[in-house]
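Single-letter residue listing:
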Amino acid sequence: MNPMTSRTHALRELDKRYVWHPFTQMKDWCDSEPVVIDHAKGHMLYDTDGNTYLDGVSSLWANLLGHRVPEIDQAIMEQMGKVAHCTYLGLAHEPGARLAEKLVQITPAGLNKVFYSDSGATSMEIALKMAYQYWYHRGESQRNSFLTLEEAYHGDTIGSVSLGGMELFHTLFRPLLFPVERIPTPYAYRSPYGEKAAEHTLERAEAILKEKGNTIAAFVIEPLMQGAAGMLSQPAGFVKKVRELCDRYNVLMVADEVAVGFGRTGHLFACEKEGISPDIMALAKGLTGGYLPLAATLTTDEIYNAFLGEYEEYKTFFHGHTYTANPLGCAAALATLDYLETRKVMDNVQVRIDQLAKGLSERISPLPIVGDIRRWGLMTGIELVKDRETKEAFPGAMQAGAKVCFLARKYGVMIRPLGNVLVLMPPLTLHEQEMELLLDAVEAAVKEFAVEQGLG
Ligand code: PLP
């Protein structure tokens, strides 16, 4: 065995003996030969056997500007020379204060206060508790429910799972969860209402708000795109109508921009695209350029002010985490936001979006097992189907999406599926040739799988 192979073998054995991976059937994992990542540079991942892969899903939608970006590396190292971590309970620090100012400046108007945490799920737990406690302080403690979309995904902690509506991930835990009001997702392809799906969703939302709006703390939504559900897109104008409903029925609006935030949809924030400001906004993933676990929940002065009072009034928001506002994470986030601005990254995004849209429509859409392609900006879901006419799905147990993603590795691209949906979410700084590589690999892998199934 050459030294490279034996290192890979040893690491795989260690991993299989001691590690339990997320969202993974470990029996299959232990029977497989997992890729072991050694290092990364730019938009490429390198494994311990010397293979190279394009990071086609931005390391789970987090990496924004590529790996080992000199400016972000430098900012983290400089911060390391000062302090890597200190508690945020009872102390302040420069990167935390500066980042909060920056976030308030770049997010939609009215979001003036920043509460830090360390993951998308925690940013959403904070959103939920903040919304509930806000109403409690306003004398409306009966508002203990939330309005959410079917197929919603907001993270894996119990509060965020309560909001979640994905059968595969969430149903098992129902006995542990608090009940919420759920309305159908507005995505057309599999809705019995077809192109009128969004209209129907809004009607259902309005009916619920009319009947029991005063028991609902907030309408919670992943604006423009429900990511984990398989990139279920909402039509333009939908989020704006959600905002209008929230105003009409006096319910808070929570925008979970954990996945869609920081340029993924072609706009810095999805809410910005819709020209609205939510009452609470959750950010994570791309916030640090995908370097470090940091999240932020932003809110308005009105909500913040409702928590002010004498200590003995017990209006304090009793919530926090050991690593709240980790200084290294804040430094990485500041460098990321600076890079986005000074390098005019969003200009590149527009060019890549056009290239992606063209490639998808000319090369991927005509493939016989591609049923539907949903896209906002660079966020893309390609739904594979057994039969395009009837929309018959591949059986879940067959893991069609996973098989195609596995084939794509052979063509030098790392992507991940969500069920039968292939997800593409490349970094914002992707180059022209890299986008071609991504499209080539997807096309080749889908074709190969179709031929294997006798459907090519
Ligand atoms: N909210 C949305 C919309 C997400 O897509 C995710 C993760 O994919 C989360 C929340 C949870 O984020 P995390 O995995 O950082 O907890």
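You'll find the structure just up there.
Residues numbered from 1 in each chain as written. Predicted model: local features only at pLDDT ≥ 70, side-chain atom pairs only at ≥ 80, totals over all residues. Heavy atoms only, no water.

Describing helix α5 (residues 94-106)
- Here α5 contains 13 residues, and its C-alpha end-to-end distance of 19 Å stays within 8% of the 18 Å for a straight helix at 1.5 Å per residue.
- Among all positions of α5, only P95, G96, L99, A100, K102, L103 and I106 are buried. End-on view of α5: buried residues confined to an arc of 165°, all on one side of the axis.
- Lining the buried residues of α5 we find α4 (70-80), β4 (113-117), β11 (280-283), β12 (295-299) and α13 (327-342). (Helix = DSSP H or I, 4+ residues; strand = E, 2+ residues; numbered from the N terminus. Expected span 1.5 Å × (residues − 1). Buried < 20%, exposed > 50% of the residue type's maximum accessible area, 1.4 Å probe, protein only. Arc of directions from axis to C-beta. Contact = heavy atoms within 4.5 Å.)

With respect to the pairing of strand β18 (residues 421-424)
- Burial along β18 is two-sided: V421 and V423 and L422 and L424, pointing in opposite directions, are all buried.
- Both strand β14 (residues 379-387) and β18 contribute to a ladder of four bridges, which runs antiparallel. In the strand pairing of β18, G381 is matched with V423.
- Sheet topology places strand β17 (residues 416-418) next to β18; three bridges connect them, and they run antiparallel. The residue bridging R416 from the neighbouring strand is V423, located in β18.
- The turn linking β17 back onto β18 is made up of two residues, and G419 within it adopts a positive phi angle of 60°. (Pairing = 2+ DSSP bridges.)

Quick notes on the site of the ligand
- In the vicinity of the ligand, the contacting residues are W61, S119, G120, A121, Y153, H154, G155, E222, D256, V258, A259 and K285.
- Between the ligand and the protein, one listed contact pairs an oxygen atom with a backbone N or O atom of G120 at 2.8 Å.
- Between the ligand and the protein, one listed contact pairs an oxygen atom with a side-chain N or O atom of K285 at 3.2 Å.
- In isolation the ligand exposes 390 Å². Once the protein is present, 82% of that is buried.
- By residue class, the composition of the shell around the ligand is five nonpolar, four polar and three charged. (Near = heavy atom within 4 Å. Polar contact = N/O pair within 3.5 Å; in protein donor to acceptor, adjacent residues only side chain to side chain. Areas by Shrake-Rupley, 256 points an atom, 1.4 Å probe, with all protein chains shown as cover. Nonpolar A, V, L, I, M, F, W, Y, C, P; charged D, E, K, R; others polar.)

Comments concerning the pairing of strand β7 (residues 216-221)
- β7 sits mainly inside the fold: six of its six residues count as buried.
- Pairing between strand β5 (residues 145-149) and β7: three bridges, direction parallel. Note on β7: the bridge partner recorded for L147 is F219.
- Bridge analysis of β7 against strand β10 (residues 252-256) gives four bridges, and the strand direction is parallel. Bridge pairing links F219 to M253 in β10.

Observations concerning the sheet that holds β4
- Judged by pairing direction, the sheet is mixed, and its seven strands sit side by side in the order β4-β12-β11-β10-β7-β5-β6 without closing on themselves. The sheet is open, and its two borders are formed by β4 and β6 (181-183), each paired with just one other strand. Adjacent strand axes in the sheet meet at a mean angle of 20°, parallel and antiparallel pairs treated alike.
- Along the sheet, helix α6 (residues 120-137) contacts β4, β5, β7, β10, β11 and β12; its crossing angle with β12, the most-contacted strand, is approximately 25°. (Axes fitted to C-alpha atoms, helices over the stretch in contact; angles between N-to-C directions.)

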